[in-house]
Amino acid sequence: SPAFLSVMAQDNLSLVLHAKGDLRLENRPIPEPGPNEVLLQMHSVGICGSDVHYWQNGRIGDFVLKKPMVLGHEASGRVAKVGSEVKHLKVGDRVAIEPGVPREMDEFFKTGRYNLSPTIFFCATPPDDGNLCRYYTHSANFCYKLPDNVTFEEGALIEPLSVGIHACRRAGVTLGSTVFVCGAGPIGLVCLLAAKAMGASQVVISDLSEERLLMAKELGADFLLTVKRGDGAQQLAKSVEEMLGTQPHITIECTGVESCIQTAIYATRSGGVVVLVGLGSELATVPLINAAVREVDIRGVFRYCNTWPMAIAMLASGKVNVKPLVTHRFPLEQAVQAFETTRQGLGIKVMLKCDKNDQNP
């Protein structure tokens, strides 16, 4: 019957970016998993700032959209079909998806820094399709089984949480570290959560938005610094020191804004570390000599690696609580409205629900 056929056709609703500003919900065929893949029925997918940026600009740095691409990379789902070679997963397993899958065993893969492999597959980074759809195939080795007490939404939030874990690992956060986090958007907040879980004794966090700082307070920030546009970098650095009573060992910069990178360097204690997580323009003028003579190390971060098992353990044990980050939920059918909500900067994390029969967290 026509009704039955239309249900079949509806089966793999996908959110596809065709070009800058051209976002469409369309039906795609349900893919077949390869021998080492699983077919997943998607459940919860978070919207990331990068998804919105591709929609608004059609590119991020050297990654340029040249053909239609499915968006979404913060995701969890249920195994619907298992490839012939897959041993550790079965139909019905609930999994969190690590979106970056290396394509070859290069030196980066061998040394355990596979996130740096130039040929890596990564969901919703051109030309690779993401998983904002009903059905999606992924490498089984990069799907991690969720314990019963970890929800699908928490599973999806492992992706942004991983950025925080990796940033704090690169920064050397340890028992008793004092940390300054610049920016209290989703990434600043997961850096705060990871820093606290990894032993930071005191964390200062800064933002322009009072609403975001209140969320930071709820998540365990010790000090909140409200920034105004045009505040001087050295003055802000002084405010951080006054709040903590000392300069922080570590600053995690999550805005990418030039003045904030300057503040990060000035604020950090001699011998400390600045980690740059936020991405802004390609070039920035920063007090490099100040950092050099004070032996302040400046380290970059590109996504994450080897974080999923640890993140799952942290969530299952209750050591980290990411649940408050989700402020908005939309069914997949309302994806464009969900993207608009994120673009306007409303709330913190917007979650899309891809399973028509299960819209629960």
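Residues numbered from 1 in each chain as written. Predicted model: local features only at pLDDT ≥ 70, side-chain atom pairs only at ≥ 80, totals over all residues. Heavy atoms only, no water.

Engineer: Quick rundown of the overall build of the protein? Include the residues and the values.
Structural biologist: Each helix and strand counted, the protein has 11 helices and 20 strands in total. The C-alpha radius of gyration computed for the protein amounts to 21 Å, which stays within 12% of the reference 21 Å derived for 361 residues, consistent with globular compactness. A principal-axis box enclosing the C-alpha atoms of the protein has dimensions of 70 × 40 × 35 Å. In the protein, buried positions account for 52% of the 361 residues. Residue pairs at least 24 apart in sequence account for 67% of intrachain contacts in the protein once pairs closer than 6 positions are excluded. Split by element, the accessible area of the protein, about 16,000 Å² in all, is 55% carbon and sulfur. (Helix = DSSP H or I, 4+ residues; strand = E, 2+ residues; numbered from the N terminus. Rg over C-alpha atoms; globule rule 2.2 N^0.38 Å. Buried < 20%, exposed > 50% of the residue type's maximum accessible area, 1.4 Å probe, protein only. Contact = heavy atoms within 4.5 Å. Areas by Shrake-Rupley, 256 points an atom, 1.4 Å probe, with all protein chains shown as cover.)

Engineer: Go over the confidence of the model for the protein with me, naming the residues and quoting the values.
Structural biologist: Taken residue by residue, the protein gives an average pLDDT of 96. The fraction at 70 or more is 97%. For the stretch residues 1-9, pLDDT sits under 50, and the model shows 1 contact to residues farther than four places along the chain or on other chains. (pLDDT = per-residue confidence, 0-100.)

Engineer: Explain the side chain of Thr307 to me, using residue names and the numbers behind them.
Structural biologist: Locating Thr307 in the fold gives a position in the loop between β18 (297-300) and α10 (308-316). Thr307 gets classed as buried once you look at its relative accessible area, which sits at 0%. Among the polar contacts made by the side chain of Thr307, one reaches the side chain of Ser162 at a distance of 2.7 Å. Excluding its chain neighbours within four sequence positions, the residues that come into contact with Thr307 are Ser162, Ile165, His166 and Arg169. (Polar contact = N/O pair within 3.5 Å; in protein donor to acceptor, adjacent residues only side chain to side chain.)

Engineer: Go over the domain arrangement of the protein with me, naming the residues and quoting the values.
Structural biologist: As assigned here, the protein comprises domain 1 (10-144 + 321-351) and domain 2 (162-298). Once you take the C-alpha centre of each, domain 1 and domain 2 turn out to be 29 Å apart. With 11 residues of domain 1 at the contact, the number on the domain 2 side is 11 residues. At the boundary of domain 1 and domain 2, one finds 0 salt bridges. Our count for the contact surface shared by domain 1 and domain 2 stands at 0 residue pairs in polar contact (both at pLDDT 80 or more). By residue class, the composition of the side of domain 1 that touches domain 2 is 4 nonpolar, 5 polar and 2 charged. (Domains from an automatic or database assignment. Salt bridge = Lys/Arg side-chain N within 4 Å of Asp/Glu carboxyl O. Nonpolar A, V, L, I, M, F, W, Y, C, P; charged D, E, K, R; others polar.)

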